[in-house]
Amino acid sequence: MRPMPAKPGVLIVSTGGTILSRSTGSEGYKPAVTGAELVGSIPGLLERADVQVLEFSSVLSFALDPDTVVHLMKTVQDRLAGDETAGAVVIQGTATMEETAYLADLLHSSDKPVVFTGAMYSASEPDSDGPRNVLYSVIVATSEYARGKGVVVCMNGEVHAARDVVKTHKSDVGAFKSPNLGPIGLVSKTGVVFYRAPLFRRAFSDGVEPRVDLVKVVLGSDARLLKASVDSGARGVVIEAFPGNGGVTPSMMAAVEELRARDFPIVMAPRSIGGRTSPGAGGGCGPADLARCGVILAGDLPAQKARILLMVALATCRTTAEIGAVFASLAP
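Remember, it's a predicted structure, so these values are computed and weren't measured experimentally. (Residues numbered from 1 in each chain as written. Predicted model: local features only at pLDDT ≥ 70, side-chain atom pairs only at ≥ 80, totals over all residues. Heavy atoms only, no water.)

Draft legend 1. Quick peek at the overall build of the protein chain. Broken down by element type, the protein chain carries ten helices and 16 strands. Over its C-alpha trace the protein chain gives a radius of gyration of 21 Å, about what one expects of a compact globule, namely 20 Å for 332 residues. Taken along its principal axes, the extent of the C-alpha atoms in the protein chain is 75 × 45 × 30 Å. For the protein chain, the residues scored as buried account for 52% of the 332 residues in total. Between the mean site of the 32 positive side-chain charges and the mean site of the 33 negative ones, the protein chain shows a separation of 3 Å. (Helix = DSSP H or I, 4+ residues; strand = E, 2+ residues; numbered from the N terminus. Rg over C-alpha atoms; globule rule 2.2 N^0.38 Å. Buried < 20%, exposed > 50% of the residue type's maximum accessible area, 1.4 Å probe, protein only. Lys, Arg positive; Asp, Glu negative; His and termini not counted. Charge placed at Lys NZ, Arg CZ, Asp CG, Glu CD.)

Now the structure itself:
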C-alpha cells in the first residue's frame, strides 16, 4: 500500500480580533475564543494541513502597534525558517489589517507566504465569515504558487497584495478591496488561482520608527495639528491632503515650507483612495507647490499606508533624499 503524502505544515498565529470575539451584551463583543478552538471547529481544515497554532495575543486590533507587528514578524520568520512549515496565517481584527499587513510585507524577506485574515462578523454570529476565511487562508498559505508573493490578505474568497488592499466598507463581508489593481487571486475549496504577482515589494531589516503622525486636511484647516505633531517629537509626518491630486490650506502650506526648510520629512497622500498623485495644480498650496518645496508624494498609496512606509524608511534612511528614493521606487 502506497503511503499517504505528508500534509504541508502551516503556522497559524492568533492575535484576537472580531473573528475570535463573542458578544458580551451591553459592553459589545471582545476576544473570547482561542485560535486553537477556532481551528479545531473548522470542518476539513486539519485534513488539509499539519497545523501549529501560536496564541500570540488576544486583543482587538485597535490595541496592536508597529512594534508589536515587528515582534510578530520576527517570530513568524523564525518559525518559517524550518523546512516543515510551508507558510503562515495571521488571524487578527480587520480594523488595522490594511496597515499591519503592509508593515509585515515590508519586513518579510522569506519566499514563504504569510496570509492575514479575519472576519467581519464575530464568532457570536451564526453566519460568521471567520471559519471560511481561515480555511481559505490555509489553502493559500500552503500553495506552492503563493511562494514569493510576500504578505497577502485573504478575505471573502479574494487574495489581495498587502500593499494594495484597503477596508472600504464598515460591515460588508466584501469590505477589503484593492482600488487600483484589484485582487491578485481568487480562492475556493478547490484551490487558489493567482492572476498576477504583487508589485513594488522590498524587504527592510531595520524595523520601524514609530514616531510618525498622520495629519488630515479639511476645509479651513490651520497648522496647529501639524505644528503640535512636530513639537511633540514626531520624526516625520504624512499629510492626508484634499481629494484629487492633493493640496493643503494656505496656512498649512506656510508651516510646511518652514518645516521643509529644516529638512523635516513630510509625505503627502490625497484623501481619494483611487488613482495616483501627480503634481499638477499649483496656486500657492497645491501638489505642485508641495513637491517644489520637497514634500514627498505618496504615489498611489493612501495616507495610512504612506505612514507605514515612512516609518520603515525613517528606520533605514539617513536623509530626506534617501526617503524620497524609497517612495519613488515603492510608491511611484
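From this point, the narrative continues.
Draft legend 2. Up close: helix H6 (residues 224-231). Regarding H6, the residues found buried are Leu226, Ser229 and Val230. Taken end-on, H6 shows its buried residues confined to a sector of 95°, consistent with a single buried face. More than 90 degrees from the buried face of H6, the exposed residues found are Arg224, Leu225 and Asp231. The elements touched by buried residues of H6 are strand S13 (212-216), strand S14 (236-241) and helix H7 (250-261). Just downstream of H6 lies Gly233, where phi reads positive at about 115°. (Arc of directions from axis to C-beta. Contact = heavy atoms within 4.5 Å.)

Draft legend 3. Quick look at the sheet that holds strand S15 (residues 266-270). The strand order across the open sheet formed by four strands is S13-S14-S15-S16, and the pairing between neighbours is parallel. The outermost strands of the open sheet, each flanked by one partner alone, are S13 and strand S16 (296-297). Both S14 and S15 contribute to a ladder of five bridges, which runs parallel. Paired with Glu240 across the two strands is Ala269, which belongs to S15. Contacting S13, S14 and S15, H7 crosses the sheet at an angle of about 145° to S15. (Pairing = 2+ DSSP bridges. Axes fitted to C-alpha atoms, helices over the stretch in contact; angles between N-to-C directions.)

Draft legend 4. Broad picture of the environment of Pro332. Residue position: Pro332 is located in the segment after helix H10 (320-330). Judged by its relative accessible area of 33%, Pro332 falls in the partly exposed class. Residue contacts for Pro332: discarding those within four places in its chain leaves Arg163, Phe200, Arg276, Gly299, Asp300 and Phe327.

Draft legend 5. Region of the structure containing the packing of H6 against H7. Across the interface, H6 lies against H7 with an axial gap of 9 Å and an inter-helix angle of 25°. In terms of orientation, H6 and H7 fall into the roughly parallel class. Residues Leu226, Lys227 and Val230 of H6 touch H7, and the partners they reach there are Met252, Ala255, Val256 and Leu259. Of the residues that constitute the contact of H6 with H7, the class distribution is six nonpolar, no polar and one charged. (Parallel < 35°, antiparallel > 145°, perpendicular 65-115°, else oblique. Nonpolar A, V, L, I, M, F, W, Y, C, P; charged D, E, K, R; others polar.)

Draft legend 6. Quick peek at the sheet that holds strand S4 (residues 50-55). A sheet is described by the order of its strands in space; here eight strands give the open sequence S4-S1-S5-S6-S7-S8-S11-S12, paired in mixed fashion. The open sheet is flanked by S4 and strand S12 (191-194), the only strands paired with a single partner. Pairs of neighbouring strands in the sheet enclose a mean axial angle of 25°, with direction left out of account. Of the pairings in the sheet, the one linking strand S7 (residues 151-155) to strand S8 (residues 158-161) comprises four bridges and is antiparallel in character. Residue Val152 lies in a different strand from S8, and its bridge partner there is Ala161.

Draft legend 7. Looking closely at the pairing of S13. Where S13 and S14 come together, five bridges link them in parallel fashion. Residue pairing across strands places Leu214 opposite Val238, the latter belonging to S14.

Draft legend 8. Structural context of the pattern of salt bridges. Applying the stated criterion to the full structure yields 14 salt bridges. Salt-bridge contacts for Arg163 lead to Asp300; the nearest nitrogen and oxygen are separated by 2.6 Å. With Arg163 in the loop between S8 and strand S9 (166-167) and Asp300 in the loop between S16 and helix H9 (303-316), this pair connects stretches of sequence that are 137 residues apart. Pair check on accessibility: Arg163 and Asp300 agree, each one buried. Across the pair Arg292 and Glu257 runs a salt bridge, and its minimum N-O distance is 3.9 Å. One end of the pair, Arg292, is in helix H8 (residues 287-292); the other, Glu257, is in helix H7, with 35 residues separating them in the sequence. With a relative accessible area of 56%, Arg292 lands in the exposed category. A relative accessible area of 35% means that Glu257 is categorised as partly exposed. (Salt bridge = Lys/Arg side-chain N within 4 Å of Asp/Glu carboxyl O.)

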